[in-house]
Structures are given as C-alpha cells and as structure tokens.
Amino acid sequence: MREIIERFAVDGRPVSVAAVGNGHINSTWDVMMDTGRRYVLQKINHHVFRDVAGLMKNIDGVTRYLRDRTKDPRGTMNLVPTRDGALYVEYQGKYYRMYDYVPGSVCLMQAESPEVFRQSGVAFGKFQNQLADYPADTLTETIPHFHDTPDRYRQFEEALRRDARGRAEKVAPEIAFVQARQADMGVMTDMLRRGELPLRVTHNDTKLSNVLFDETTMEPLCVIDLDTIIPGLSGNDFGDAIRFGASTALEDEPDLGKVHLSMDYFSAFTEGFLSECAVSLSEAELNTLVWGAKLMTLECGMRFLTDHLNGDTYFHVEREGHNLDRARTQFRLVEEMEERWDELNAVVRDTAARYRR
Ligand code: GN1
Ligand code: MG
C-alpha cells in the first residue's frame, strides 16, 4: 500500500491504513500520515467502471466546478493527483485514486432524526442546483443504462433464465413480485423519451451515506461518491434518497418486521429537497417524484435479486443470502409506497406549493 500511496502527491509518509466505508462496489481506506495529514484512498472497481480514465475525468471536472462555486473548504471533495499529475494510479492491474480527508466529518448509515434527513435533502437539492449548468456533453456515461429500469428488468429476466446457481426456485415470491410490476418499469423512461421530462446532470446514487455531515453540528458538508454523475432524472435522485433514508431499517436488515417506510422521514426529506429545488423543477418532474421513489426502490431490489441469481458477482456481500436480504427490504418498501401512494403525492404537492408561491 505504501508504494501506491507514495505515487500520489501526498504530504508525508503513511503511518496507518485502515479499511473503511460501506460501499458495495469500490474499496476504501483511511490513510494517516506522519505529518498529521489524512487521506482517503480508493480502489476503483474496474469491472463495474470499465472506463477508469473517463470516470476520473468526470470527477476531476465536477469537483473543480464545485470548488469554484463554494466558499466552504469542506464544501466538495478534492482529488489528490499523482506525482506526475495524473488523476489515478494503475498498480498491478488495479486502479486507485486519492482524496483529501474532509476534516471533522461523519458518514451516516441512518439519520438519527427527521431533521438530519431533511438536511441531506437540502444537500442533494443544492447539489442538483449547483450542477444545473454543468456542461453535460463533457461527461462520460460511466455506466451505460445505469437507471434504465426496463433494461435492468431485461437483465433480471436474463439472470432468471440462466439461473446460474440454481437459486430461482427458492425465491419464487420475490421473482413474482418483480414480474408483477413489469408494466411500471418504463414509466419514467417513457416520459423521458416523449420529451416530457428534462435530462439533468444528476448524482444517481443519493443515499444518505453519500453525504458527509459535520461531526458536531450535524450540518451537511458535501456530497460524496461522484462515480455516477451523468445526465439523468431529478426524480431518480429524489427517489434513491427516499429508498435508502426513509426506511426504518438498514438496507440489508434481515428482519422484515423492522422495515417500514417512515412518513416522517419521507416528509422531512421532501421538505429539504424541495426547499432547494421546487422552483427549478418542472410540473411534470414534481409529479414524478413519488414514481422516482418507487422505481428506484424497485430497480435496486431487482438489481440485488439479479445479483443473487447470478451468484453475487456485482455487489460486495458479507454473508450467504446478503443480496436476497437487501432485495427483500426494497420490495417491502415498494409495497408500502404503493399502499400510501396518494398520501405520498399529497406531501410532495403541498410541500412544493409552499415553495412555488
Ligand atoms: C451501489 O457502491 P455504492 O455503495 O456507492 C450501487 C448503487 C446502489 C447502491 C445500493 C455503481 O452503490 O447504484 O444504489 O449500491 N452503485 C453502483 O446501496 O452500482
Ligand atoms: Mg456509488
């Protein structure tokens, strides 16, 4: 690791390296230096991100752009270049990047109160506004068809046909759950195709754990995980945040009795997000926020189930059936969203109305 670290333009020599983070794709380490400086080292999963150069160019462009638009030194991530000025290190066929550690920050897996979750809504709403004029044509599509839900469905059906590990038989109810919703998959992508929804520069992975908070004030500092900043739908950014943060349990909670959609958390996030961007969203976008929540949750559950069927080749897993547990929590949330559909839409409508007067 020392060799990799010292290829970057770091200040000092490393004294400790500790694995951190809860990402399902990349690996992350907290690196302490003898000078007191601290860095975040990441190994990029190049099976998922096949164009590492394009990915890093996106992140470099976006972080520089945000740096010019925020006064707070902790307001965006900063890449540490290599000693020869490159954006990443290639070492024994693996790819690494380095960020400055954001001092005094914490990453949350669950919000301890609706207020904290509301604040994450402010952070993602602001983030979307800050990138509103970012030159979208300079972005590499790091994962093609990333939130193309019908395409995700196609991949699910393919995994089911292959049934590589013979697991399909044991997950018949989950398979049926997805198949029963095939007609829903294309709601947002069809609207996009018909020109009813605008493409924006979006984050596409807006889980709560992708916001850093100040460890004492619990105010949001910056948005992290810039791997999937590509043109997308604002409803998906809203929706993915709800999927993760408005649940009463963790994404991989095995006890489904604990998994519910919290109306308080839903309302709090809606409040925070719309306080920042109600005025910039179109009427059609506002009308699809709840669809975004349902489809991001359904899509994510379907992706976990697909990976379970494929034998856990995409998401990191720590136990047998981990992806299946994750899929089940998502489907439980989808069910509750369907049950509370009108109520959820009323919250969005009323909140938006307050900010659009
Ligand atoms: C993955 O790697 P991570 O934890 O940031 C995934 C997201 C999923 C998320 C579910 C590139 O994100 O799309 O929503 O897991 N990222 C990729 O927690 O597939
Ligand atoms: Mg991510």
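Being a predicted model, the structure only gives us computed values, none of them experimental.

### Structural notes on the packing of helix H7 (residues 234-245) against helix H10 (residues 289-310)
Then step 1. Axis separation between H7 and H10 bottoms out at 7 Å; the angle between their running directions is 60°. Classified by the angle their axes make, H7 and H10 are oblique. Relative to H10, the crossing made by H7 is right-handed. Side by side, H7 and H10 meet where Gly-235, Asn-236, Phe-238, Gly-239, Asp-240, Ile-242 and Arg-243 of the first sit next to Leu-289, Gly-292, Ala-293, Met-296, Thr-297 and Cys-300 of the second.
Then step 2. Classifying every residue of the contact of H7 with H10 by side-chain character gives six nonpolar, five polar and two charged.

### Points about the coordination of the magnesium ion (ligand 2)
Four donors placed tetrahedrally about a metal ideally form angles of 109.5 degrees, and six donors placed octahedrally ideally form angles of 90 or 180 degrees.
Then step 1. Donor atoms from the polypeptide that bind the magnesium ion (ligand 2) are Asp-205 (OD) and Asp-225 (OD), placed at 1.9 to 2.0 Å. Placement of the pair is Asp-205 in the loop between strand E7 (200-202) and strand E8 (211-214) and Asp-225 in the loop between strand E9 (220-223) and strand E10 (230-232), with a sequence separation of 20 residues.

### Quick notes on H7
Then step 1. With 12 residues, H7 should cover 16 Å at 1.5 Å per step; its first-to-last C-alpha distance of 17 Å lies within 8% of that length.
Then step 2. For H7, a buried count of 12 out of 12 residues is recorded, marking the element as mostly surrounded by other parts of the structure.
Then step 3. What H7 keeps buried is the set Ser-234, Gly-235, Asn-236, Asp-237, Phe-238, Gly-239, Asp-240, Ala-241, Ile-242, Arg-243, Phe-244 and Gly-245.

### Overview of the sheet that holds strand E6 (residues 105-107)
Then step 1. The strand order E6-E8-E9 describes an open sheet built from three strands, whose pairing is antiparallel. Taken across any chain shown, the strands that pair with only one partner, and hence form the sheet edges, are E6 and E9. On average, each strand axis in the sheet is tilted by 35° relative to the strand beside it, whichever way the strands run.
Then step 2. For E8 and E9, the ladder comprises three bridges, and the chain directions are antiparallel. Bridging across to E9, Val-211 finds its partner in Val-223.
Then step 3. On top of the sheet, helix H3 (residues 114-130) reaches E8 and E9; it is set at about 125° to E8, its chief contact.

### Regarding the site of ligand 1
Then step 1. Surrounding ligand 1, one finds 16 residues, the nearest of these being Lys-207, Asp-225, Glu-251, Arg-303 and Tyr-314.
Then step 2. Between an oxygen atom of ligand 1 and a side-chain N or O atom of Asp-225, the distance comes to 2.7 Å.
Then step 3. Measuring from an oxygen atom of ligand 1, one finds a side-chain N or O atom of Tyr-314 at 2.5 Å.
Then step 4. When isolated, ligand 1 has an accessible area of 440 Å², and the protein chains bury 95% of it.
Then step 5. In terms of residue class, the shell around ligand 1 is built from eight nonpolar, two polar and six charged.
Then step 6. Counting residues domain by domain, the shell around ligand 1 receives three or more from each of domain 1 (2-103) and domain 2 (114-355).

### Section: the nonpolar core
Then step 1. Counting 95 residues, the largest nonpolar core has Leu-131, Phe-156, Ile-242, Leu-274 and Leu-305 as its most contacted members.
Then step 2. Here this core gets 10 residues from one element, more than from any other, and that element is H10.
Then step 3. Counting contributing residues per domain, this core is built from domain 1 (2-103) and domain 2 (114-355), each supplying no fewer than three.
Then step 4. Residue contacts for Leu-274: discarding those within four places in its chain leaves Leu-281, Leu-286, Leu-289, Val-348, Thr-351, Ala-352 and Tyr-355.

### Structural notes on the domain arrangement of the protein chain
Then step 1. As assigned here, the protein chain comprises domain 1 (2-103) and domain 2 (114-355).
Then step 2. Every contact between the two is made by 28 residues of domain 1 and, on the other side, 29 residues of domain 2.
Then step 3. Buried area between domain 1 and domain 2, summed over both chains or domains, comes out near 2,400 Å², and the portion from carbon and sulfur atoms is 60%.
Then step 4. Of all residues in domain 1, His-24, Asn-58 and Tyr-65 bury the most surface against domain 2, accounting for 28% of the area lost on that side.
Then step 5. For the pair domain 1 and domain 2, the number of links is two salt bridges.
Then step 6. Here Arg-74 ties to Asp-214 by a salt bridge, and the two come within 2.7 Å at their closest N and O atoms.
Then step 7. Across the contact surface, domain 1 and domain 2 share nine residue pairs in polar contact (both at pLDDT 80 or more).

### A word on the pairing of strand E3 (residues 38-44)
Then step 1. Along E3, five of the seven residues are buried, which leaves the element largely enclosed by surrounding structure.
Then step 2. Where strand E2 (residues 27-33) and E3 come together, six bridges link them in antiparallel fashion. The residue of E3 that forms the bridge with Trp-29 is Leu-41.
Then step 3. Between E2 and the antiparallel strand that follows it, E3, lie four residues; Gly-36 among them carries a positive phi value of about 90°.
Then step 4. Sheet analysis places E3 next to strand E5 (residues 94-100), joined by six bridges and oriented antiparallel. What sits directly across from Gln-42, in E5, is Arg-97.

Basis of the calculations
- Residues numbered from 1 in each chain as written.
- Chains lettered and ligands numbered in written order.
- Predicted model: local features only at pLDDT ≥ 70, side-chain atom pairs only at ≥ 80, totals over all residues.
- Heavy atoms only, no water.
- Axes fitted to C-alpha atoms, helices over the stretch in contact; angles between N-to-C directions.
- Helix = DSSP H or I, 4+ residues; strand = E, 2+ residues; numbered from the N terminus.
- Parallel < 35°, antiparallel > 145°, perpendicular 65-115°, else oblique.
- Left-handed = near helix turned anticlockwise from the far one by under 90°.
- Contact = heavy atoms within 4.5 Å.
- Nonpolar A, V, L, I, M, F, W, Y, C, P; charged D, E, K, R; others polar.
- Donors = N, O, S within 2.8 Å, 3.2 Å for Na, K, Ca; no water.
- Expected span 1.5 Å × (residues − 1).
- Buried < 20%, exposed > 50% of the residue type's maximum accessible area, 1.4 Å probe, protein only.
- Pairing = 2+ DSSP bridges.
- Near = heavy atom within 4 Å.
- Polar contact = N/O pair within 3.5 Å; in protein donor to acceptor, adjacent residues only side chain to side chain.
- Areas by Shrake-Rupley, 256 points an atom, 1.4 Å probe, with all protein chains shown as cover.
- Domains from an automatic or database assignment.
- Core = buried A, V, L, I, M, F, W, Y, C linked by side-chain atoms within 4.5 Å.
- Buried area = accessible area lost by both parts, 1.4 Å probe.
- Salt bridge = Lys/Arg side-chain N within 4 Å of Asp/Glu carboxyl O.

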